[in-house]
Amino acid sequence: DVKVTQSSRYLVKRTGEKVFLECVQDMDHENMFWYRQDPGLGLRLIYFSYDVKMKEKGDIPEGYSVSREKKERFSLILESASTNQTSMYLCASRFTGTQTYGYTFGSGTRLTVV
Amino acid sequence: AQKVTQAQTEISVVEKEDVTLDCVYETRDTTYYLFWYKQPPSGELVFLIRRNSFDEQNEISGRYSWNFQKSTSSFNFTITASQVVDSAVYFCALRSNTGKLIFGQGTTLQVKP
């Protein structure tokens, strides 16, 4: 089974801190995605990456950046955390060679910024 | 613009009742894919079904069934004889031609014993 692993399940950070959320997938998927999930808003795309060193802005990229130096790892960076970035963050990956399942999601990181 | 709307925020039913979760989508693409995911309290999104725009056949998998109607841009999900374990947040999603998944707001289903 494909696994998408997010390094932390729960995280508490202070306002102004630089925060790294890590996501690793183990099946050589080209595409990787970062979403944030808020009640009543569903999942909104922050950034995605088609392949190594490639990145594209999603619908809500402000306040975030990403890094994809290796194919298996896609990092989401909050340059200066703010309270409005308190949310659930979900990472996903996708192998472009098949349309069967498409996307595999991690278990999420619940980030609280105080 | 591409958009997915799940108008039902929360639904509460008693066990063994049938329940339908609505999903309406907007897209200008002629080829697209629609998905349903389940998110139990553990948080991980669980894939339920994928349907492409050329396949309008309804699908049944056990107690789950899906009704795809291009004419009304809807992809509704029905759970027959609901069970407590069906309690979760359910998301409908549309895959754009760039590969991005666009999600609806989600419907929280509570099945009471």
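What this report covers is the structure whose coordinates are included nearby.

Cut-off values and rules
Residues numbered from 1 in each chain as written. Chains lettered and ligands numbered in written order. Predicted model: local features only at pLDDT ≥ 70, side-chain atom pairs only at ≥ 80, totals over all residues. Heavy atoms only, no water. 1 Å grid on protein atoms, 1.4 Å probe; cavity = no way out; pocket = protein on both sides within 12 Å on 5 of 7 lines; lining within 4 Å. Points joined across faces, edges and corners; volume = space filled by probe spheres on them. Helix = DSSP H or I, 4+ residues; strand = E, 2+ residues; numbered from the N terminus. Nonpolar A, V, L, I, M, F, W, Y, C, P; charged D, E, K, R; others polar. Pairing = 2+ DSSP bridges. Phe/Tyr/Trp six-rings, centres within 6.5 Å; stacked < 30°, edge-to-face > 60°. Buried < 20%, exposed > 50% of the residue type's maximum accessible area, 1.4 Å probe, protein only.

## Side note on the layout of surface pockets
A water-sized probe, rolled over the atoms, reveals where empty space remains. Estimates place the volume of the largest pocket at around 400 Å³. Lining the largest pocket are 23 residues, and of these A:Gln37, A:Pro39, B:Gln39, B:Val89 and B:Phe91 lie nearest its centre. Contributions of two or more residues to the lining of the largest pocket are made by β5 (31–38) and β10 (87–94) of chain A together with β10 (88–95) and β12 (107–112) of chain B. Split into classes, the residues belonging to the lining of the largest pocket amount to seven nonpolar, 13 polar and three charged.

## So, the pairing of strand β8 (residues 64–70) of chain A
Of the strand pairs in this sheet, β8(A) and strand β9 (residues 73–78) of chain A are connected by five bridges, and their pairing is antiparallel. Across the sheet, A:Tyr64 pairs through a bridge with A:Leu78, a residue of β9(A).

## Observations regarding the packing of aromatic side chains
Residues and elements named next belong to chain B. Evaluated as defined, the whole model comprises 23 aromatic pairs over all chains. Centre to centre, the rings of Phe35 and Tyr37 are 6.1 Å apart; their planes meet at 20°, and the pair counts as stacked. Relative to Phe103, the ring of Phe91 lies with its centre 6.0 Å away and its plane at 90°, an arrangement referred to as edge-to-face. Of this pair, Phe91 sits in strand β10 while Phe103 sits in strand β11 (residues 101–103), and the two are 12 residues apart along the sequence. Just as Phe91 is buried, Phe103 falls in that class too.

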